[in-house]
Structure formats: structure tokens, C-alpha cells
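Summary of the model geometry
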Amino acid sequence: MGQYAVGQSVTRTEDPRLLRGDGRYVDDITLPRQAHAAFFRSPHAHAAIDGIDTSAARDAPGVIAVLTGADWAAAGLGDLPSGGPHKRRDGSPLYIPPQPALRAARAMTVGDPIAVVIAETDAQARDAVELIEVDFEPLPAIVDTARATEPDAPVLWEEAGDNECFVRFFGDREATDAGFAKAATVVSQRFVISRVTANSMEPRCCNAEYDRRRGRWHLYAPQQSPHQLRQVLARDVFDVPENAIQVISEDIGGAFGMKNGNYAEYAVCMWASKETGRPVKWAAMRSEGLMSDEDGRDNVTDAELALDEDGNFLAMRVKTLAALGAYLSKGGPNPPVANIGGLAGVYRTPAIHVEVVGVFTNTQSTSPYRGAGRPEASYVIERLVDIAAQEIGKDPVALRRQNMIAPDAMPFRTGLVFTYDVGEFETVMDMALEAADHKGFESRHKESEARGKLRGFGISTTIEQAAGPNVESAEIRYDPSGTVTVLIGTNDQGQGHDVTYKQIIGSQLGIDADDIRIVEGDTDRVGFGRGTFGSRSAALGGTCLVMASAKIVEKGKKLAAHAMEVAPEDIEFAEGSFTVAGTDKAMTLKQVAAMAFNPQKLPPDIEPGLDETATYTPSKPNFPYGTHVCEVEVDPDTGTVTFERYTVADDVGVQINPLLVKGQIHGGIGQGLGQAMMENKMYDPESGQLVSGSFMDYAMPKAGDMCAIDVHSHSVPTMTNPLGVKGVGECGCVGALAAVMNAVNNALAPLGVRHVEMPLTPDRIWRAVRDARAGKAA
């Protein structure tokens, strides 16, 4: 395979075995005497549970056990935890609803788990679930985020008194009000940012085994943060030491934030395994996942932008209602607030004030989904800029250019939370515009017009924070033959960690990729780690590898110096070899590793072995940014949209593997485009029933819905980590939502349409065109 290095476009080393079907996903794991679980879920959005009869299910063929919420409570097991530092409007802590893994008193949303059947086969378990009878008393439900705080809205949790979980304020209200007071133009818009769900290729699933001999559990689950899940299960649910639980996440078929939650099914299957003395396996059907997976987005935002008579941004005011669902998920409070600084964008807006209200609704909990607040914030500012340009009669590109932060202003403290370390925003925008042939758009617009079509040009210039200040760890462990095992606390879900980490180690230690084995996702083998989320793995995990490699080299110099009878300061290291400066004496790192395991050859003050551990916490996040340019053609007679061109220029710092960078951007664009055009998890406003519970109703983008994506890079290394890398996993999604929405709305603007909201379905576009032609403003 050869030595890999940072900067090479190397194909993923894990792909051959995955393409051969040799992956090891949770559903591939079959344990001896394994039983199967199936869950009875609430068919109501809100209902009291007045009684439950499981007798018929218990007598069904193959059934081993039926467990209910009453059994969970009788076992003394804890609730699924959640929380955060936020407060309510009166200053009291945010309200945290009780969340037992099986609900006993009330169902709060469609899909709430009420009971579980354990049977010999999956089919027997699912058949027996149909025999459970529950006496539900339906109660009023609220599923509309915009109505959650209205006086007549049903209150989910009486203890809270209303549907507000928390309220957060950001920015300078007084300065913002002053900016609006002197504005020549104020543009405002309500943005309804739809609820979406991840729909990863591999559904949520688990296989849990309780080992009675050792008094501990083994949980196989596709989890982004195995150590965090272990901590929650041990501390909050089962009240056992953390070493009583092993969480194993091998291959994961996509996650996108959704597989980072504290899910009830995992705890229930662990409990059921202990109760039955059998391993218990569960896998969600696709419709079950649509019902019970944690969702993303679902915000209603009212935003205003104040401009002076020359088009300079003076102030911005934002109020957001963020749906949290019926319960508070582990990460639920984060997306509405943690990345709120993205509202400032790449602009000099001096004053911004934001109010965020997290609200309860009778819907599935929300949690981080690719971008986790970044796409929402970027969409609001970028769409608002286009609306402002339309209102004052200025070109959207020119308006952006006029208000952009200059490179020589760095570091730049924005009007809202963030301080950028580096950024060449105008350079990147011009790179994208040139690649997209912006100057030739007018001729293409006329050609579309001649065919009776509408053509739109959309741009977004977005920035996000990535790899925030939290800890990560890694261990590099040599064996006597000179090969390496790396144990690292991140966890791959398709990003390509295997090849990425081999490239970093190859650059640092000069070792061939074939001699490196990467181990992730096993809490018994990996000492500690926070996992993979928030575009953090290369910046934090990669830095850990750099630091551990430096320790390996430092110890290796001492060993080589002893072997070659020189002082350690005379030893130099490069490309996998230790040399004595000014001579031809040399030892390879493999030779030094072999020596490290022979106590007779070591100096008296050196311990045998060659393995080093490093932990790293950055002092500040990094800020990837970029420009997306989207060009569409709209058929006004049918409302269909065709993507004609899509161009991206991004700055993600030093690129460890440019090929993987492009892949990450492509995937993110697909998800941003999906939300803009078609994805929408919907509940009936009257009954609270899920009306998009299958792929017949929840539309997903296909290859034919997109066009070729042209990706360009402009790398300005960040100083926030030794590698100079910035996060890339969410860039595509952050920029795409705004660019696509701007492109389609730009196509409709000549008809007098001001704004059409997501998803931009053919029906919605056709109606906007019809209304515009009839003289009704959209």
C-alpha cells in the first residue's frame, strides 16, 4: 500500500472490504441464544395510559417476556438524562421532563415506547406486539412550533406551567435597537425551517448481552460517542460502575448526529437481557425509525436586517422558536443556541440581538443533525441579504461584497458571539463566481426565458464554527515487529478515518499504511474519547496523533542515541529514520521499536515498550467558510426545478485528503438540497399523527435530482491546532440550504415573488407562480 502523507488524495482504505460485503454492522452480529425485541409504540400524539393488557402477547408463540413501564419503574431504573445550562424566562433552570425508557402514565408523542416483547424470533416478537391492548385516553396535542407558546396551546408538562423549556438572549439589545432607529431600510421575514430526519442507510439497532459470570453488559450499537453512552447508561440508568458496561460500535452506516442520542431501546434491551438471561437484539424498521429517531431543525424564525442609505448593514434582530419535541434529548438544547453565532455570517454587522425560545411540542425530540444549528443560522442571514438586495435594488453579490469582513481585520470579533481567527471571504467568493461563470449567467437566463422557463442564480457566503473546545485522546502502540495499533476516541461513521489517520501518522512517523491498524468504537479497548460529531475528528483526533507521534519520536531518539552511542541531541528524525547528524549512522523506527522491547538493550532509565498517549483540548474552535453558487431552471407551468450548475469554493484549512474533502462537501450539499427541495417530516395539526412516516411520504433526494458539483479550495491554515485543519463534515450542508433557497427564489423574483418557503415542492412553486400572475404577492 505504501506510505501515505498529509495532502494526498488517497482512496479510503476501508472501502474494499465494505464493497465486498465484509463490513461488520450491528445487524451482522448474531450472539449465541440470541432473542429479539419489538416495541409497542403509542399511536397517539398525547394520551393518558389508563391500562395495559399484555396477557395475549405473553401467551403468543415464541414469546419469552413482555415488559412494560410499570416493570421499568419497579426495577428502580433511572430516566434517560438530558439537560443543559439554560434557564427559563423567570430565571429558574430549564424544565427537564421525566423520560423513563418505557412510558407508564402518558404517551407524549406518536411512537413513544410503551412496552417491549422479547421473543425467539423477530417475526414472533412483532406479531406478539400486535396482541398488546392499551387503554388510551386521548388528550389535546400541539405539534405546530409557531403555536406552541400561544395562550390557548395545550400545555405538555403541567409542572412547567407552559411550553417554554428555556429562553436565551444573545448580543447587544441596546446597540441593536439604536441601529434600527437610524436605518434607512429595514427588511424582515419569517422563516419556517422544516423538520427533517437523518434516514441513515443503516437504521438504529442494538444487540445487548448481560454476562452473569462477570456482572457486566456488552452493548453493540451504532453510536457516535460510545464512551458518553456508556457513562449515561452506567450513571443515570443502571447505577453501576462504568466498567460494568462495554459499548462496541464497529462499522456504522451513517449517523449525521442522529446516532448520538441516549435512546430508550438500548437501555431496554440491556435490561431485558439481564431479565431473560438471553442476548437481546433489536433493529428498527424504516417506518419505525421515521417515527422514533430524533429529528433535526424545526425552527420558526422572525428576522430583521437594518441597512443605511448606502446598503451597509447596521443591525440584525432575530427571534426563534425552536421545537425540542415532547422530551429533551441529550443534545436537543444545543442546535438552537450553540451555533447561533453563524447569524453574523461573514459580515461586519456591528450590532445583533437574538432571542431563542426552546419549546415543547407533541413530536419526536430534536437533536443535532448535520450542521446542528449552523445551516439554520446561515440560511437566515443569507436569505435575508438576498431579500434586502431585492428590496433596495442592489445586486446580491455586490451587497455581500460591500459588507464583508476584510482579511486584514482578523482576528475579527463579530456582532454575535464568534471571533474569527483567519478568513479571506472575498477571495473565496470570487473564486466560486469565476468557476460558476457568473458573468455568463445573463445569456443563460435569456436562453431559458426563450424556452418559457425561469432561471435563478443563488449564492451563499457562509461560515461556521467547528471542533469546539472539548477533549479527545489517542494512543499509538508499537509492537516488536514495528507495526502500529492506534486506539483513538473518535468514531467513524463513513467519514474515512482509517485512511485519514494513516496519512497523519505516515507524515509524522514515516510508516507504511499497511503497518497501521486503527481501532475506534470500543470502550474496553480505547481508554477514553468524546466521539465524532461537530466536524471535530481531524482537528482534535488528528492533533492527538501528532502529539503522540512527537512523544514516540522523542523516546525513539533516546533509544537510537543509546544504540549508536551518541548523545540524544545529536539524533535527527525524518521519514521514519533516526540519523546521527553529520554522519551516515542511522536506524529505522522499526529497528528502534524492536529494540524497545528488549530490556537488555535499553538504558537503565528507559521503560521497555514504545507506546504513547496524548489528549488534546483546543482553546478555541476553528471557522471553515465558503461560497456556494447554485443555478436552477424552473418550469412555471409545473413548478419543477432542474439544477443546472452547482459550484463551491471552500476554505477548510490544510486538507489532509482532498478527495475525502470533496466527498464530504458533496454529501452535505445533498442533504442541504434535500431539505430545501423536498424533505419535511410532518404531523397532522389536529390529531398530531405522523403523516410522513414512510418513503412514500417523506421524500429523499436522488442522484437524478442533482447536477454535477464543482468543488474548489482555497486553504488558509488555522492557528487553532497544529495541523492547521478546519472542520469539513458540515460545510456542504451549511452552504447548500441557503444557496438553493436563494436560487429558486431568485428565479421567481421577476414575477413579483418575494419569498417561498421550504420545502420548494413543485406544488408550492406552482401555487406561488399562479398567485403572482394573479397579482397576489407571495
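Relevant structure appears above.
Think of each chain on its own: its residues are numbered from 1, step by step along the sequence as written. In view of the model being predicted, local features appear only for residues whose pLDDT reaches at least 70, and side-chain atom pairs are presented and counted only at 80 or more, with totals across whole chains, interfaces and linings using the full set of residues. To get the side-chain values, all heavy atoms of the structure are used, and hydrogens and water are removed first.

1. Description of the sheet that holds strand β27 (residues 641–651)
Pairing is mixed across the open sheet formed by four strands, whose spatial order is β18-β26-β27-β28. One side of each edge strand has no neighbouring strand; the edge strands of this open sheet are β18 (454–463) and β28 (709–713). Here the strands of the sheet are splayed against their neighbours by 10° on average, with no regard to which way each runs. Here a strand pair is declared whenever DSSP counts at least two bridges between the two strands. Secondary structure is summarised from DSSP: a helix means a run of H or I of at least four residues, a strand means a run of E of at least two, and numbering begins at the N terminus for each. Strand direction decides the pairing type here: strand β26 (residues 625–634) and β27, joined by 10 bridges, are antiparallel. What sits directly across from V634, in β27, is V641. Lying over the sheet, helix α12 (residues 425–435) contacts β18, β26, β27 and β28, oriented at roughly 30° with respect to β26. The strands that helix α13 (residues 441–450) touches are β18, β26 and β27; relative to β18, the one it contacts most, it runs at about 145°. Here an angle of 0 to 180 degrees is reported between the N-to-C directions of two axes, which are lines fitted to C-alpha atoms, with helices fitted over the stretch in contact. The criterion used for residue contact is that any of the two residues' heavy atoms lie within 4.5 Å.

2. Looking at the sheet that holds strand β5 (residues 113–119)
Across the sheet, seven strands lie side by side as β3-β5-β1-β12-β9-β10-β11; this open sheet has mixed pairing. Edge positions in the sheet fall to β3 (63–68) and β11 (245–248), since each has one partner strand and no second. Geometrically, the sheet is characterised by an average inter-axis angle of 20° between neighbouring strands, direction not taken into account. Bridge count between strand β1 (residues 35–41) and β5: six bridges; the pairing is antiparallel. Note on β5: the bridge partner recorded for A37 is I118.

3. Brief notes about the packing of helix α11 (residues 396–403) against α12
Packing of α11 against α12 brings their axes to within 10 Å, and their N-to-C directions diverge by 160°. Overall, the two elements α11 and α12 adopt an arrangement that is roughly antiparallel. Relative to α12, the crossing made by α11 is left-handed. Counting all contacts with α11, which are made through V397, R400 and R401, the residues of α12 involved are E426, M429, D430 and L433. A per-class count over the contact of α11 with α12 returns three nonpolar, no polar and four charged. For classification purposes, an angle smaller than 35 degrees is called roughly parallel, one larger than 145 roughly antiparallel, one from 65 to 115 roughly perpendicular, and anything else oblique. It is the rotation of the near helix from the far one that decides the hand of a crossing: anticlockwise by less than a right angle makes it left-handed, clockwise makes it right-handed. When residues are sorted by character, Ala, Val, Leu, Ile, Met, Phe, Trp, Tyr, Cys and Pro go into the nonpolar class, Asp, Glu, Lys and Arg into the charged class, and all the rest, Gly among them, into the polar class.

4. Concerning unusual backbone geometry
Of the consecutive residues M410 and P411, the connecting peptide bond is found in the cis state with omega at -5°. Position of P411 relative to the elements: it lies in the loop between α11 and β16 (412–413). Backbone torsion omega between M758 and P759 reads -10°, so that peptide bond is classified as cis. Here P759 lies in the loop between α18 (731–748) and α19 (762–773). Notably, R33 is not glycine yet its phi reads approximately 60°, a positive angle. The topology assignment puts R33 in the loop between α1 (15–19) and β1. Classification of R33 as exposed rests on a relative accessible area of 56%. Only protein chains enter the area calculation, which uses a 1.4 Å probe; residues under 20% of their type maximum are buried, those over 50% are exposed, and those in between are partly exposed.

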